[in-house]
Structures are given as C-alpha cells and as structure tokens.
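# Working through the structure, step by step
The residues making up each chain are set out below.
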Amino acid sequence: MMKTRITVNDNGSLKIEGDFEIVDKTGNPYDLGGRTVVSLCRCGMSKNKPFCDASHKGHFEHNAVAFALPPKKV
C-alpha cells in the first residue's frame, strides 16, 4: 500500500489516502469500512464530522498553497 498522503483541497476538505487509521480522542478507531481514501472536514459545518459531507460548498474559502513552517522551537 502507498504511504499516507494528505491533500489540502482548495475551499474544502483534507483528503487522506493510503495506509492510515483515524481514532477518536480516547484512541478508539473509526470503522472506515475498508476505505483507503476519506475526506476530513475543515470548515466545521459537516453533519458527519470528522468526515466531510460537502456542507462547505459556497461557505468556506481557503486557497491551499504550500509554504514552509517556521523553524521548530526547542
């Protein structure tokens, strides 16, 4: 299986593909039903959080352009 890849979509979700597991705050895994691709909500409007249900359409704007983070604090 390919390594995990997270794509930040313009005006929308985080697309996760590959070999991954998603767990809740106590470490319990979500049953992904064998999926190797899911989209996570970034806008907070999904009725299916943490997964995207496209509620963001027309209500969430962000142009995803990669940039370098500042150096890690030590």
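Scroll up to find the structure.
This is a predicted model, so every value here is computed, not measured.

## Here we look at the packing of aromatic side chains
In this structure the tally under the stated criterion is one aromatic pair. Ring centres of tyrosine 30 and phenylalanine 51 lie 5.5 Å apart, and the angle between their planes is 90°; on these two criteria the pair is classed as edge-to-face. Pair noted here: tyrosine 30 is in the loop between strand 2 (14–17) and strand 3 (37–40) and phenylalanine 51 is in the segment after strand 3, with a separation of 21 residues, a long-range link. Overall, the relative accessible area of 33% leaves tyrosine 30 in the partly exposed class.

## Topic: unusual backbone geometry
Residue proline 50 follows lysine 49 across a cis peptide bond; omega there is 10°. Among the secondary structure elements, proline 50 is positioned in the segment after strand 3. In the Ramachandran plot, asparagine 11 falls in the positive-phi region, its phi being about 50° despite a non-glycine side chain. Residue placement: asparagine 11 occurs in the loop between strand 1 (5–8) and strand 2. The partly exposed category is assigned to asparagine 11, whose relative accessible area is 32%. A positive phi angle, near 70°, is found at alanine 54, a position not held by glycine.

## Observations regarding the sheet that holds strand 2
Read across the open sheet, the three strands follow the order 1-2-3; overall the sheet is antiparallel. Edge positions in the sheet fall to strand 1 and strand 3, since each of these pairs with one other strand and no more. On average, each strand axis in the sheet is inclined to that of its neighbour by 20°, with strand direction left out of account.

## Remarks on the environment of alanine 66
Residue placement: alanine 66 occurs in the segment after strand 3. In this structure alanine 66 comes out as exposed when scored by relative accessible area, which is 79%. Linking alanine 66 and valine 8, residues 58 residues apart in sequence, is a C-alpha distance of 9.0 Å.

## Observations concerning the pairing of strand 3
A regular strand carries its side chains on alternate faces of the sheet. On strand 3, burial follows the alternation: Val38 and Leu40 on one face are buried, whereas Val37 and Ser39 on the facing-out side are not. As paired strands, strand 2 and strand 3 are joined by four bridges and run antiparallel to one another. Bridging from a neighbouring strand, glutamate 17 pairs with valine 37 of strand 3.

## Some thoughts on the pairing of strand 2
Across four bridges, the pairing between strand 1 and strand 2 is antiparallel. The partner of arginine 5 across the bridge, within strand 2, is glutamate 17. Hairpin connection, strand 1 to strand 2: the antiparallel pair is bridged by five residues, and asparagine 11 has positive phi, about 50°.

What counts, and at which threshold
- Residues numbered from 1 in each chain as written.
- Predicted model: local features only at pLDDT ≥ 70, side-chain atom pairs only at ≥ 80, totals over all residues.
- Heavy atoms only, no water.
- Phe/Tyr/Trp six-rings, centres within 6.5 Å; stacked < 30°, edge-to-face > 60°.
- Helix = DSSP H or I, 4+ residues; strand = E, 2+ residues; numbered from the N terminus.
- Buried < 20%, exposed > 50% of the residue type's maximum accessible area, 1.4 Å probe, protein only.
- Pairing = 2+ DSSP bridges.
- Axes fitted to C-alpha atoms, helices over the stretch in contact; angles between N-to-C directions.

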